[in-house]
Amino acid sequence: ESENSKQENVLKIVLIGASGVGKTSIVERFAKNIFNEQQRKTIGSTFLSKVCVVDEKPYYLNVWDTAGEERFHSLVKLYYRDTNIAILCFDLTKETSFRELDHWYQELQTSAPRNVILLICGNKKDLEEQREIEDIEIEEWVSKRNCIYLETSAKDGTNVNSLFENACQLFSEKF
Ligand code: GDP
Ligand code: MG
């Protein structure tokens, strides 16, 4: 496996989190640099590919985006298979999506590879005045699980590239 140097830098990234938090929008901002105010509901799962260069090294990212709905959960093991990086997303303006992090974290523990790299993403940062979750609560959740946390806006693009660059960086440090 490691004999193929190109293969080594092909990373599977999955985005997970409640429906409506902006997973599809984040992937589209990252891969196509677009934003759609009326993003359509994702059916099943899809992936987009993009090269990300970190420290002059290219990473070939296959970014998987899924619908957050329970009815797709029968495919869960298949979805997580060979995942290198998981980005767990919530909506900064929707407290319930933050509460759901535990559920997704649990699912990762049972269904994703053990060495998966985990990042937490609080999206819709542009809607500052509608924030529903205290910083301290987020800090607690994140530090307890020793994860990297970033706040993004798929709408204005804040931190979206950084999210994926951080992911690649963490991967290169670990492997
Ligand atoms: P998903 O179900 O997690 O894939 O969420 P979507 O990407 O479909 O986004 C749900 C809704 O939130 C859509 O109307 C998006 O336009 C909107 N949205 C996504 N990201 C942002 C963001 O960063 N800021 C704002 N203001 N709206 C966003
Ligand atoms: Mg979606």
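What counts as what
- Residues numbered from 1 in each chain as written.
- Chains lettered and ligands numbered in written order.
- Predicted model: local features only at pLDDT ≥ 70, side-chain atom pairs only at ≥ 80, totals over all residues.
- Heavy atoms only, no water.
- Helix = DSSP H or I, 4+ residues; strand = E, 2+ residues; numbered from the N terminus.
- Rg over C-alpha atoms; globule rule 2.2 N^0.38 Å.
- Buried < 20%, exposed > 50% of the residue type's maximum accessible area, 1.4 Å probe, protein only.
- Contact = heavy atoms within 4.5 Å.
- Lys, Arg positive; Asp, Glu negative; His and termini not counted.
- Charge placed at Lys NZ, Arg CZ, Asp CG, Glu CD.
- Core = buried A, V, L, I, M, F, W, Y, C linked by side-chain atoms within 4.5 Å.
- Pairing = 2+ DSSP bridges.
- Axes fitted to C-alpha atoms, helices over the stretch in contact; angles between N-to-C directions.
- Salt bridge = Lys/Arg side-chain N within 4 Å of Asp/Glu carboxyl O.
- Near = heavy atom within 4 Å.
- Polar contact = N/O pair within 3.5 Å; in protein donor to acceptor, adjacent residues only side chain to side chain.
- Areas by Shrake-Rupley, 256 points an atom, 1.4 Å probe, with all protein chains shown as cover.
- Nonpolar A, V, L, I, M, F, W, Y, C, P; charged D, E, K, R; others polar.

The name given to the chain in an unreviewed UniProt entry is Ras-related protein rab-5b-related, with the source organism recorded as Anaeramoeba flamelloides.

Undergrad: Whenever I open this one, the overall build of the chain confuses me. Can you help?
TA: When helices and strands are tallied, the chain shows seven helices and six strands. If you list the helices and strands of the chain from N to C, you get α-β-α-β-β-α-β-α-α-β-α-β-α. Expected size for 175 residues packed as a compact globule is a radius of gyration near 16 Å; at 15 Å, the chain falls within 12% of this value. Per-residue burial for the chain yields a buried fraction of 45% across its 175 residues. Considering only contacts within the chain whose residues lie at least 6 apart along the sequence, 74% involve residues at least 24 apart. Side chains of the chain give 22 positive and 29 negative charges; the mean places of these two sets differ by 6 Å.

Undergrad: What is the right way to read the nonpolar core from this model?
TA: One broad trend across soluble globular proteins is that nonpolar side chains are buried collectively. Counting 27 residues, the largest nonpolar core has L15, I26, L61, I85, I87 and F164 as the members making the most contacts within it. When contributions to this core are tallied by element, the ones reaching two or more residues are β1 (10-17), α2 (23-32), β2 (45-54), β3 (57-66), β4 (85-91), β5 (117-123) and α7 (160-174). For this core, the element with the most residues is α7, which contributes six residues. Ignoring anything within four residues of it in the chain, the contact list for F164 reads I13, L15, I26, F30, C52, L61, V63 and I87. By size, the runner-up hydrophobic cluster in this structure holds 23 residues, among which are L88, L92, W104 and V116.

Undergrad: Help me understand the sheet that holds strand β6 (residues 148-151), please; the structure alone is not making it clear to me.
TA: Remark on secondary structure: sheet strands pair via backbone hydrogen bonds, oriented parallel or antiparallel. Here we have six strands laid out as an open sheet, ordered β2-β3-β1-β4-β5-β6, and mixed in their pairing. Single-partner strands in this sheet number two, and they are β2 and β6. Ignoring which end each strand starts from, the neighbouring axes of this sheet average 25 degrees apart. In this sheet, β3 lies alongside β1 in parallel orientation, the contact comprising six bridges. Looking at the pairing, K12 lines up with N62 of β3. Its contacts with the sheet place helix α5 (residues 101-111) against β1, β4 and β5, and it is angled at close to 165 degrees to β4.

Undergrad: How do you make sense of the pattern of salt bridges when you look at a structure like this?
TA: Pairing between side chains of opposite charge can happen when the charged atoms of each approach one another. One pass over the structure, following the stated rule, counts 10 salt bridges. Between R145 and D102 there is a salt bridge; the shortest N-O distance is 3.3 Å. Placement of R145 in the loop between α6 (135-144) and β6 and of D102 in helix α5 is noted, with a sequence separation of 43 residues between them. Residues K125 and E151 are paired through a salt bridge, measuring 3.3 Å at the closest nitrogen-oxygen approach. Residue K125 is found in the loop between β5 and α6, and its partner E151 is found in strand β6; the two are separated by 26 residues along the sequence.

Undergrad: What is the right way to read the site of ligand 1 from this model?
TA: Around ligand 1 lies a shell of 19 residues, among which G20, K23, S25, D126 and A154 are the nearest. Within the side chain of D126, an N or O atom sits 2.7 Å from a nitrogen atom of ligand 1. Residue A154 places a main-chain N or O atom 2.8 Å away from an oxygen atom belonging to ligand 1. Relative to its unbound accessible surface of 580 Å², ligand 1 loses 87% to contact with the protein. Element by element, the count of residues in the shell around ligand 1 is highest for α2, at three residues. For the shell around ligand 1, the residue count by class is five nonpolar, nine polar and five charged.

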